[in-house]
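Here's the letter readout for the chains.
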Amino acid sequence: MEVDTRNKFGKHQITVIELPMMDKRKYVPLTMLSGFAIRGMLYPLTLIKTRIQIQKHKAVYSGTFDAFVKIHHFEGIKGLYRGFWINNLNVVPQMCYIGTYETVRIYLSDHSYLSSSQTRSFISGFCASMVSQSFVVPIDVISQYLMMMGLGTGSKKSVISHIDTLQLPQNVRASKIGALSAVIHAVYKRDGLRGFWKGYLASLSVYAPNSALWWFFYDTYCGLLLVIII
């Protein structure tokens with residue numbers, strides 16, 4: 001975004017760099033690469049958080065560091081990245097989010113009577129979150145079940161196994177593709193297609209208003225910045 005440009009009348013204006021202006025051959029792969037890199041760094045903490053939240057009291061882990069030590073000891077470094085690759089599919093809804101926001105905002109600008117840029121941003125942000133969450137929720141449901149699968153046999157049997165609600169056979173858990181397929185099958189058999197969208201309305205209640213307000217205030221602050229510059 002450029003803040004020191006001038007229009008043809010010599011007045012200051014803020015030039016917003018929109019999606020159609022970007023080189024998609026660079027933007028898309030670089031956005032996906034940054035998403036992979038960030039998830040790669042933060043995923044172990046996400047897994048630990050999920051396991052701590054689902055346990056009863058301190059039945060398995062007494063804290064974040066204790067969870068890290070136990071998972072590493074019983075399951076190895078792979079245990080900290082259980083479900084990582086399926087979780088990375090979230091780069092797809094990430095791109096859907098950006099595309100939806102830009103498409104709706106441009107459509108409202110060209111085909112609606114909404115004169116307020118902030119209102120258009122609010123609506124666009126809300127719609128973008130609705131579309132992205134439609135993909136994010138089933139990905140999260142599957143990846144969270146994979147997170148709960150403790151790997152290990154014999155003396156290294158995982159201490160998390162008793163809260164693995166699907167209770168899949170050990171030989172299935174040991175296979176990446178087999179575990180993924182088994183989770184999808186088990187969820188569908190138990191809950192049908194609705195099982196993949198459990199918590200969808202709750203997610204929308206959190207993320208859609210947050211997205212709408214974020215873009216609303218972004219547009220508002222751009223206007224305030226323009227006033228300050230002038």
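A quick note: this is a predicted structure, and the numbers were derived from the prediction, not measured.

1. Things to note about the overall build of the protein chain
Alright, step 1. Scanning the protein chain for helices and strands turns up eight helices and two strands.
Alright, step 2. What you see in the protein chain, going N to C, is helices and strands ordered as β-β-α-α-α-α-α-α-α-α.
Alright, step 3. Burial status across the protein chain gives 36% buried among its 230 residues.
Alright, step 4. Long-range pairs, those at least 24 residues apart, make up 67% of the contacts in the protein chain with a sequence separation of at least 6.

2. A closer look at a nonpolar patch on the surface
Alright, step 1. Residues Phe 122, Leu 213, Phe 217, Tyr 221 and Leu 224 make up a contiguous nonpolar surface patch of about 480 Å² in total accessible area.
Alright, step 2. The biggest single contributor to the nonpolar patch is helix 8 (residues 200-229), with four residues.

3. Concerning the packing of helix 4 (residues 91-111) against helix 5 (residues 117-147)
Alright, step 1. At a minimum axis distance of 8 Å, the contact between helix 4 and helix 5 shows a crossing angle of 155°. It follows that helix 4 is roughly antiparallel to helix 5 by the angle criterion. Handedness of the helix 4/helix 5 crossing: right-handed.

4. Structural notes on helix 5
Alright, step 1. Spanning 31 residues, helix 5 covers 42 Å between terminal C-alpha atoms, matching the ideal 45 Å at 1.5 Å per step.
Alright, step 2. Where helix 5 bends most, at Gln 133, the angle is about 35°.

5. Here's the deal with the packing of helix 1 (residues 24-54) against helix 4
Alright, step 1. Viewed as axis vectors pointing N to C, helix 1 and helix 4 meet at an angle of 130°, and their least axial separation amounts to 10 Å. The pairing of helix 1 with helix 4 is recorded here as oblique in orientation. Seen along the crossing, helix 1 lies across helix 4 with a hand that is right-handed. The residues of helix 4 that touch helix 1, namely those facing Tyr 27, Val 28, Thr 31, Met 32, Phe 36 and Arg 39, are Val 91, Gln 94, Met 95 and Ile 98.
Alright, step 2. Classifying every residue of the contact of helix 1 with helix 4 gives seven nonpolar, two polar and one charged.

6. Things to note about helix 8
Alright, step 1. Given a rise of 1.5 Å per residue, 30 residues ought to cover 44 Å, and the 42 Å separating the end C-alpha atoms of helix 8 matches this to within 8%.
Alright, step 2. Considered for burial, the residues of helix 8 that qualify are Tyr 200, Ser 203, Leu 204, Ala 208, Ser 211, Ala 212, Trp 215, Asp 219 and Cys 222.

7. A few points about the confidence of the model for the protein chain
Alright, step 1. Summing up the model confidence of the protein chain, the mean pLDDT is 82 and the portion of residues at 70 or higher is 81%.
Alright, step 2. The least confident element of the protein chain is strand 1 (residues 2-6), whose mean pLDDT is 41; the most confident is helix 5, at 93.
Alright, step 3. In the model, residues 1-10 has pLDDT below 50 throughout and makes 19 contacts with residues more than four positions away in sequence or in other chains.
Alright, step 4. Here residues 151-157 is a poorly scored stretch, pLDDT under 50, and it has 14 contacts once near neighbours within four places are set aside; other chains count.

The rules we used
Residues numbered from 1 in each chain as written. Predicted model: local features only at pLDDT ≥ 70, side-chain atom pairs only at ≥ 80, totals over all residues. Heavy atoms only, no water. Helix = DSSP H or I, 4+ residues; strand = E, 2+ residues; numbered from the N terminus. Buried < 20%, exposed > 50% of the residue type's maximum accessible area, 1.4 Å probe, protein only. Contact = heavy atoms within 4.5 Å. Patch = residues over 30% accessible without salt bridge, like charges linked within 9 Å, V, L, I, M, F, W, Y side chains within 5 Å. Areas by Shrake-Rupley, 256 points an atom, 1.4 Å probe, with all protein chains shown as cover. Salt bridge = Lys/Arg side-chain N within 4 Å of Asp/Glu carboxyl O. Axes fitted to C-alpha atoms, helices over the stretch in contact; angles between N-to-C directions. Parallel < 35°, antiparallel > 145°, perpendicular 65-115°, else oblique. Left-handed = near helix turned anticlockwise from the far one by under 90°. Expected span 1.5 Å × (residues − 1). Bend = angle between axes of the 7 residues up to and from the residue. Nonpolar A, V, L, I, M, F, W, Y, C, P; charged D, E, K, R; others polar. pLDDT = per-residue confidence, 0-100.

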